[in-house]
Amino acid sequence: MLLFDALSPAPRTLRMFLLEKGLTLPTRQIDVFSGENRQAAFLAHNPAGQTPALLLDDGSCIGEALAIMEYLEELHPQPALIGATAQERALTRQWQRRVELNITEFIHNAYHYAEGLARFRDRIPVAPEAACGLKAVARDRIAWLDAMLDGHEYLAGGRLTIADFWLYVWLDFAESVGQPFDHALRNIGPWFTRITARPSASASLHPSCKPGGVRG
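Residues numbered from 1 in each chain as written. Predicted model: local features only at pLDDT ≥ 70, side-chain atom pairs only at ≥ 80, totals over all residues. Heavy atoms only, no water.

Enquirer: Got a minute to help me understand the overall build of the chain in this structure?
Expert: Looking only at helices and strands, the chain has nine helices and four strands in total. Put simply, the chain runs from its N terminus to its C terminus through helices and strands in the order β-α-β-α-β-β-α-α-α-α-α-α-α. Taking 216 residues into account, the globule formula puts the C-alpha radius of gyration at 17 Å, and the chain, at 17 Å, falls close to it. Reported as C-alpha extents along the three principal axes, the dimensions of the chain are approximately 45 × 45 × 30 Å. A total of 216 residues make up the chain; the buried ones form 47% of that total. For the chain, long-range pairs separated by at least 24 residues make up 66% of all intrachain contacts whose partners lie at least 6 apart in sequence. Just so you have it, the chain exposes about 10,100 Å², and 55% of that area is on carbon and sulfur atoms. Distance between charge centroids for the chain: 2 Å, based on 21 positive and 24 negative side chains. (Helix = DSSP H or I, 4+ residues; strand = E, 2+ residues; numbered from the N terminus. Rg over C-alpha atoms; globule rule 2.2 N^0.38 Å. Buried < 20%, exposed > 50% of the residue type's maximum accessible area, 1.4 Å probe, protein only. Contact = heavy atoms within 4.5 Å. Areas by Shrake-Rupley, 256 points an atom, 1.4 Å probe, with all protein chains shown as cover. Lys, Arg positive; Asp, Glu negative; His and termini not counted. Charge placed at Lys NZ, Arg CZ, Asp CG, Glu CD.)

Enquirer: I tried to follow the sheet that holds strand 4 (residues 61-63) on my own but got confused; where do I start?
Expert: Sheet strands associate in pairs through backbone hydrogen bonding, adopting either a parallel or an antiparallel arrangement. Spatially, four strands are ordered 2-1-3-4 in an open sheet, and the strand pairing comes out mixed. Looking at which strands have only one partner, the edges of the open sheet turn out to be strand 2 (27-29) and strand 4. Each strand of the sheet is rotated relative to its neighbour by a mean of 20°, with strand direction disregarded. Relative to strand 2, strand 1 (residues 2-5) runs parallel, the two sharing three bridges. Bridge pairing in strand 2 places phenylalanine 4 opposite arginine 28. Its contacts with the sheet place helix 3 (residues 65-75) against strand 3 (53-55) and strand 4, and it is angled at close to 125° to strand 4. (Pairing = 2+ DSSP bridges. Axes fitted to C-alpha atoms, helices over the stretch in contact; angles between N-to-C directions.)

Enquirer: Hey, could you run me through helix 4 (residues 86-113) in this one?
Expert: Note on helix geometry: an α-helix contains 3.6 residues per turn, so any two residues three or four positions apart are oriented the same way. Spanning 28 residues, helix 4 covers 39 Å between terminal C-alpha atoms, matching the ideal 40 Å at 1.5 Å per step. If you look at helix 4, its biggest bend is around 45°, right at glutamate 100. For helix 4, the full list of buried residues reads Thr92, Trp95, Gln96, Val99, Glu100, Ile103, Thr104, Ile107, Ala110, Tyr111, His112 and Tyr113. Those residues of helix 4 that are buried lie in contact with helix 3, helix 5 (117-120), helix 6 (131-147) and helix 7 (162-176). (Expected span 1.5 Å × (residues − 1). Bend = angle between axes of the 7 residues up to and from the residue.)

Enquirer: Got a minute to help me understand the environment of glycine 212 in this structure?
Expert: In this fold, glycine 212 is placed in the segment after helix 9 (199-203). The exposed category is assigned to glycine 212, whose relative accessible area is 84%. Sequence separation of glycine 212 and leucine 160 is 52 residues, and the distance between their C-alpha atoms is 28 Å.

See below:
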């Protein structure tokens, strides 16, 4: 296998997963800031032009961080970071979907339309007028999620899962691009502190991350 990695939140979620699994994969860095992921050599493997991507031994390629984590968990089921049973897996996917659809997609697009506008305006359709509203929705939905987490050590209850990686990485990224969340929230504030204390949180930062820069 060969992992195409990059400085970006989605690849970092996969790096956290690999660290928590104790897995190491051969890796090639893709410079998304220069647009290497939009060039023919990368598109030949992943026509969506997104990172991360996992090139398999038969030449096929899996895109999307979550799909790659699902694939690797099936190959290496322990420790179970999606779930050891059908019920656990369903609950993990439930929480991850709540996070992605209600929070992190809004953070992502708000960045494209505001802080990252200079980088993305010539690459994708952008709507700068929507940025403030998207940020407001993300803040509201973070509070909505917080209200459901009473008694939860992690999002899925007492189990660390990929849902935690997804939310943590995106909130950490958001803080680095001027979209901080309310650390006084009674559940997500302490949860964020707990995840930050895990060795995988700092170890998953991209080697090119600089103090005060974009975290991914």
